[in-house]
Structures are given as C-alpha cells and as structure tokens.
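# Coordinate analysis (summary)
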Amino acid sequence: MAQIETRGLTRTFGDVRAVDGVDLVVRPGGLTGFVGGNGAGKTTTMRMIMGVLRPDAGQVLWGDRPMTAADRQRFGYMPEERGLYPKQKVAEQLAYLGQLSGMSSAAAKSAVAEHLELFSLGDRAGERVEALSLGNQQRVQIIAALMHGPTALILDEPFSGLDPAAVDAMADILRDRAASGVPVLFSSHQLDLVERLCDSLIVLARGRVVAQGTVETLRAGGPTRYRLVTAGDVGWVRDQRGIHVHDVDGGRALLELIDPGAEQAVLRAAVDRGPVLEFARVVPPLSEIYREVTA
Amino acid sequence: MSTQTTQPSSATEVGQPWLLVARREVATKLVDRSFLVGTLLTLALIIGFVVLQAVLAERTRTYDVVVTSSAQTMADAVARQAPTLDDGIRVTVVPAADDAAAEAAVRADDADAWLTERDGSWLLVAHDEVPSGLEAVTATVVRDAVLTQNADRAGTSVAALTAGTTLESDVLVGDADQRGFAQGMAFALAVLFYMASLIFGMTLANSVVEEKQSRIVEIIATKIPVRHLLAGKIAGNTVLAVGQMALYAAIGLVGLRFTPYSSFLPSVSGALGWFLVFFLLGFLLISCLWAVAGALASRTEDVQSTSTPVTMLLVAIFFGSLLLDGPAQTVLSYVPPASAILMPQRVLEGSAQWWEPLVALGILAVAAGAVVLLAERLYRRSLLQTQGRLSMRQAWSAPE
C-alpha cells in the first residue's frame, strides 16, 4: 500500500492562512492521529488531501506520485460535518455511495448488507436516515466510508458523538483496517484516545505541523523524568549533579535528567540514606507533550 | 510515475457517474408521495376536463312543445327537422285542446314552449325565457315552411327566390375554427411549459441545496467530478419533466378524440413535435439556472430568494407567450429562453416560415450550451461554500 504525503500544503482564506506549509506523512499499516486545537487547520488539511479544497501551494502525493481523483475515489472519507440524504432509505443510499466509489450494483448491495449486520443496523436498512438516532446515523456514515474496501481512510473526528461502547467498536474497526495495510488518518480532540490508539501522531498548531512521529519519538524529544519516593525527606537531591529538580515535597521528588546516567547516582545516594519506596521513570501523558509542542 | 496496482479487485471504474446520479434523481422522485399525488391530481383534472367537453358535446336536450290543432303541422315539421338542424336538440309535440290549455301547460312548466300562429305570424311562447337552441331551430323551420308557401303562391320556388342571396365567409389563411383551436393549444402549451419549468426547476434547486445543506456533497465531490453531479441532476429532472409532460399530453390527446376538436389533431401534430424539441433545450437551459439558484443558497430557506430572478424570468416568458403578437412576438421568438415557447406557438398559429424554427432552435442550442458552461463554473464554486447565501459575483470568483 502506498503512503499519503503532503509537501508544503498551504491554503489561505481571505487574510487567514489556515494551513501553512504542511509536510506530513501518513504511513500504511498504522493509525495516524491528527491533533490540534480548534482552528489549527486539521479540517482544511484533510479537505485538501481529499481534493475537496484546492491548495494555494504545495501538493498531495499518493506513494511517489501526485494523488489523482481516481485515487481519491477509492478512499474512505468522513467529513467533519456529516453528510447523508436525510430522506433516503439507509440501504439504498449506501448502495448509491458504493456505486459512486466504483462498485458494481450487486457488489454494493452485498457490501451494504454485510456492513449493516456488522454495525447491528440490519433491521434498519429500509428506514430513512432521518428516522435513526444520531449515534446510528454516525454508524451509517462510517459504513459509507468503509464499505467499498477503501485504499486509505481520512476521517475527520470519527469518534465525536459516539458512546464509549461505540468508541471501542470503532477503534477495533480502524485498527483492523490499518492492520490490513491501509493508511488511516483521523483527527480527534480526545488526546487519551489518540494516545491509546495511534501508532503515530501529527500535531498541528496555527496551520503548521509542530510535531510528527511515533508517540515514543515524540516522548524521546521531551525531557526524561524520574519520580523518587523515600521514607525520609528528599531535600538532599538538590545537591546532586546531572539532574534538575523539578519538584520536592517531603519524601517525594520529581527529577529531570540532564546528564544520562546521573539517575543511577541519585538512586545509590537514596538507598544509602534509607528505604526507597519508589523510583520510576515518569512517562509524560500525551496531553503534556501536546501542551509543550503547541505552546 | 509508478504503475502500482493497489486497487481492490471488488471495485470497478464508474463509467458514467452522471448516469448513476440521474438514476437516483428519478428513482427517489418516483417513490416520493407528493410527486405521485401531484401527478395523479393533474391527470384527474385533465381527464375531468376532457370528459366534461365530451359530455357537453354529446348532450341532447328534448323540448316539449305544446300546440293546438291549428299548429300541429308546423310543430310536426319542427320535431322532424330539429335533429338535422342541431344534433343537440329533440322536439316532442304535445297536443292541447285550446289556447288556454296550451298557455296553462307552459305556465305550469308541463311544456317548455307553446307554438302558435297569431295575426299571420308565428309565435313561440315560453315560461320566462325562450331556450335559444329551440328558438333557432323553430325559426329556421318556420321560415322555410312559410317561404315555400309564399313561393308556391307566387308561382316560383324557394331556390329561385334565394339564389345568390347567401353570404359565405372564408379566411385566406387556415380555417377560423382551426385557428381558434390552435390558439387554445398554444395557451395549453404555454401553461405546460411554465408549470414544468417552475415545478421541476424548484425541485432541482431544492435537491441541490439539500445536498449542500446535508453536506453529502462533500462526500460525493470526492467520488465523482462535480460536473457529473450537475449533469446527472439536470438529466434526471429533464427525464421526469418530459415524462410527465408526455403523459399529460398523451392523455389529453387521447381525450381530444372524443371531443368535436378531434378533426384538428392532424394539423397540430407537427407543431407539437417542434414544441417537444424546443421544450427539451429550453428546459435544459432553465434547469441550469435553477441548479445555480440552488447552489447559491446554503439552506432550503434561502432558495426562495436566490431563485427569484429565475421565477421572474419564467413569469415574464409566460405572460409574453400569452399576450404578445406582431413584431414583438416575432422578435422574442428568436430570443432564448423565451424562444422555447414563443417559436412553437408561432408554428402552431401558422405565422412562422419553415426556416424560422430551425434558426431559433440553433440560437437556443448555442445559448443553452453557453449557460451550461457558465452554470457549471458557478455551481462548482458555490457548492462547497456553506456560509450563508452567495451572490452571483461571489460564486463566480470564489476559489475552489
């Protein structure tokens, strides 16, 4: 499978540069999370990848060549503002969208039936979309993006509006698709979810990519921290070399490593002084990395 | 440039996406209840009108004419000749004993009229109003009978007396009755064109804005070129409009066969052919305008105002087709989209030379082509702008 790549993608609305020279890579076989605050440019970037908006500058590549309309026809796309015909019946509508994606009428019909069952909507096939609950409409929308065996998935906030059980089901499906070798890019505001699901991450702020890579790489770029908890007071750590003391409170201290290996000296010193209750590497949550890179 | 083949085998190329779009437009409309009810209602109106015409034409009225013995012969002649003079009138002769009894019968509404001879002339007496059909039939019979009597007395014949006295009327072009029929037909065509362009145009504009408002257009735009979406929607609506018009026209024409107008049908069939061709092109042109009106709006509520210019144009064409004649009609029969209805009307009325509809059709085709191109640009650029209403100028210069 090919990867999706953008180079110098730029788009201006009036005086506002919504997307400013975005270079990103969505690799096949994994989930790529797309995070950033409101107005960071996620939706505009996704729309340009899908060809709905034309970039002012830059290009979108599919593998090593410019992405074409024929490539995009086979993608699965879920726009930020959901779109379905409210008055058309669920199965008819999905079959129509399947055919627009290049499926034969028969293939589209059987894919619709299969996916409606998969999402426990088999008995709602003959109902109008507007008669479904919002959660079920969201499922129909997801089916519309998945049913034609897409070669890539571009999903704008696919988890918004889903209850926890549906979030888990959706996460399983996305992981499944990614595992089959399809590049999957999805945006989300829920950082804990992105952290749990994603193999790699793209952080956007004010139209620019401020961080990109696997979650481990992003963490590696940040400071390495250790937490020390001892029976006695740990005020003595302030005199240790090669570390920066972030915080001390009675028997607890948060240390930031300056010289690699200095943490071993601190541990030995702590053991010499009495019982050590805890000494552990602190893995910063994604939200913290996010705050740092977007600050 | 790589030639990788990563596409899944289940997918095939969409050969003609606009056909898929057109099919959806038609299929969803054919199961739409309000569309079906509206069509059936209009059909019922047409059938009702035709049946009414046929009944009115077929209806015969029988009059009871009361007479005393002195007028018996004349009354019998009236009764005998009435069906040949007016096939809607039958006369039954009711004998009465004397004038008083005859007058009483009319007064009591037992008879429709009393025919009697008084002071050497004939008198038809009714209760409060002499039925005009009966009066005309009786007057003819009485005049012929008395003329024959008088001629016999003078030793001559009615034929000799009246030779050369009649005035025949004729028109140089066509036939007066036929011209009246053609005018009626022209009016009916103008109404059909106006209704079809308005109803199906509104439908088209609303379905464009429905896609915009529900944002499904963003998904569709990633699947097929927007040009195909526009073409499919217009094709689908044209099929529906022409289908509906053909249905109405067919029912109307079949119905006409049962009315006295049936003899005029062959003379208008050529003009109806022209109407169909002009209707197709005119409808295409106007559909593009409606599609743009829909795309300029962001919500269904906006369509009313974005489509006002199109509605005004249609109203102007409609009244122009009804009221204009002479040079104004001739000039406008070349100006699209008014030519779509004015030229077939002129063909119908027989005031167009054979080459005139061809020229007008050529101009209409060029105009329709130009409007399709302009509309495609406006439609494409306004389709993904969902922040309120757009002006024509904004849509034209909007970035894609």
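From a predicted model like this one, the values you see are computed outputs, not experimental measurements. (Residues numbered from 1 in each chain as written. Chains lettered and ligands numbered in written order. Predicted model: local features only at pLDDT ≥ 70, side-chain atom pairs only at ≥ 80, totals over all residues.)

So, on to the overall build of chain A. From N to C terminus, chain A includes ten helices and 14 strands. Here the C-alpha radius of gyration of chain A, 24 Å, is well above what a compact globule of 295 residues would show, namely 19 Å. Oriented by its inertia axes, the alpha-carbon framework of chain A measures out at about 75 × 45 × 35 Å. Within the span of chain A, comprising 295 residues, buried residues form 43% of the whole. (Helix = DSSP H or I, 4+ residues; strand = E, 2+ residues; numbered from the N terminus. Rg over C-alpha atoms; globule rule 2.2 N^0.38 Å. Buried ≥ 20, exposed ≤ 12 C-beta atoms within 10 Å, placed from the backbone.)

Below, the discussion takes up helix 1 (residues 42–49) of chain A. Taken across its eight residues, helix 1 of chain A has eight buried, putting it largely inside the fold. Residues of helix 1 of chain A that are buried include every one of Lys 42, Thr 43, Thr 44, Thr 45, Met 46, Arg 47, Met 48 and Ile 49 of chain A, and no others.

All right, on to the environment of Gln 240 of chain A then. Residues and elements named next belong to chain A. Of note, Gln 240 is situated in the loop between strand 11 (225–230) and strand 12 (243–249). Looking at Gln 240, the number of C-beta atoms within 10 Å reads 17, which means it is partly exposed. Along the primary structure Gln 240 and Ala 269 are separated by 29 residues, whereas in three dimensions their C-alpha atoms are 8.9 Å apart.

Residue and element names in this part refer to chain A. A sheet is described by the order of its strands in space; here four strands give the open sequence 12-13-11-14, paired in antiparallel fashion. The open sheet has two free edges, formed respectively by strand 12 and strand 14 (276–282), since each of these has just one partner strand. Sheet twist, expressed as the mean angle between neighbouring strand axes with direction ignored, is 20°. Examined bridge by bridge, strand 12 and strand 13 (residues 252–257) share six bridges and lie antiparallel to one another. For His 244, the partnering residue across the bridge sits in strand 13 and is Glu 256. Its contacts with the sheet place helix 9 (residues 262–273) against strand 11, strand 12, strand 13 and strand 14, and it is angled at close to 5° to strand 11. (Pairing = 2+ DSSP bridges. Axes fitted to C-alpha atoms, helices over the stretch in contact; angles between N-to-C directions. Contact = placed C-beta atoms within 7 Å.)

Attention now goes to the confidence of the model for chain B. Averaged over all residues, the pLDDT of chain B equals 83, while 91% of them reach at least 70. Interface predicted TM-score (ipTM) for the complex: 0.82; the corresponding pTM is 0.75. (pLDDT = per-residue confidence, 0-100.)

One finds Leu 94, Ile 143 and Ile 154 of chain A together with Ala 291 and Val 292 of chain B to be the most contacted residues of the largest nonpolar core, which totals 143 residues. If you tally residues by element for this core, the top one is helix 10 (residues 265–296) of chain B, at 18 residues. Apart from the residues lying within four places of it in its own chain, the contact partners of Leu 94 of chain A are Val 112, Val 140, Ile 143, Ala 144 and Met 147 of chain A. Tyr 63, Met 74, Ala 82 and Trp 114 of chain B belong to the second-largest nonpolar core, a separate cluster that totals 19 residues. (Core = buried A, V, L, I, M, F, W, Y, C linked by C-beta atoms within 7 Å.)

Turning to the environment of Asp 199 of chain A, a few remarks are in order. Residues and elements named next belong to chain A. Its place among the elements puts Asp 199 in the loop between helix 7 (191–197) and strand 9 (200–205). A tally of 16 C-beta atoms within 10 Å means that Asp 199 is categorised as partly exposed. The residues touching Asp 199, leaving out its near neighbours within four places in the chain, are Gly 30, Leu 31 and Thr 214.

The next subject is the sheet that holds strand 5 (residues 65–66) of chain A. Residues and elements named next belong to chain A. Read across the open sheet, the four strands follow the order 2-1-4-5; overall the sheet is antiparallel. Two strands lie at the open edges of the sheet, namely strand 2 (16–26) and strand 5, each paired on one side alone. Bridge analysis of strand 1 (residues 4–13) against strand 2 gives seven bridges, and the strand direction is antiparallel. Considered in strand 2, the bridge of Ile 4 is made with Val 26. Against the sheet, helix 1 contacts strand 1, strand 2 and strand 4 (57–62), and its axis sits at roughly 120° relative to strand 1.

On to the packing of helix 3 (residues 90–100) of chain A against helix 4 (residues 105–118) of chain A. Residues and elements named next belong to chain A. Taken N-terminus to C-terminus, the directions of helix 3 and helix 4 make an angle of 130°; their axes are 8 Å apart at the nearest point. If you check the angle between helix 3 and helix 4, you find them oblique. By crossing handedness, the relation of helix 3 to helix 4 is classed as right-handed. Contacts between helix 3 and helix 4 involve Ala 91, Leu 94, Ala 95, Gly 98 and Gln 99 from the first element and Ser 105, Ala 108, Lys 109, Ala 111, Val 112 and Leu 116 from the second. A per-class count over the contact of helix 3 with helix 4 returns seven nonpolar, three polar and one charged. (Parallel < 35°, antiparallel > 145°, perpendicular 65-115°, else oblique. Left-handed = near helix turned anticlockwise from the far one by under 90°. Nonpolar A, V, L, I, M, F, W, Y, C, P; charged D, E, K, R; others polar.)

What follows deals with the pairing of strand 4 of chain A. Residues and elements named next belong to chain A. When strand 1 meets strand 4, the two strands line up antiparallel, connected through five bridges. When the bridges of strand 4 are listed, Ile 4 appears paired with Trp 62. Pairing of strand 4 with strand 5, which is carried by two bridges, proceeds in the antiparallel orientation. The residue of strand 5 that forms the bridge with Leu 61 is Pro 66. Hairpin connection between strand 4 and strand 5: a loop of two residues separates the two successive antiparallel strands, and Gly 63 in this loop has a positive phi of roughly 70°.

Here we take up unusual backbone geometry. Going from Pro 336 of chain B to Pro 337 of chain B, the amide bond is cis rather than trans, its omega being -5°. Residue position: Pro 337 of chain B is located in the loop between helix 13 (326–332) and helix 14 (339–349). Unusually for a residue other than glycine, Ser 120 of chain A sits at a positive phi of about 50°. Here Ser 120 of chain A lies in the loop between helix 4 and helix 5 (134–146). Ser 120 of chain A sits in the exposed class, given 11 other C-beta atoms within 10 Å. Phi angles above zero are rare outside glycine, and Asp 109 of chain B is one such case at about 65°. Inspection of the secondary structure puts Asp 109 of chain B in the loop between helix 4 (99–107) and strand 3 (113–118).

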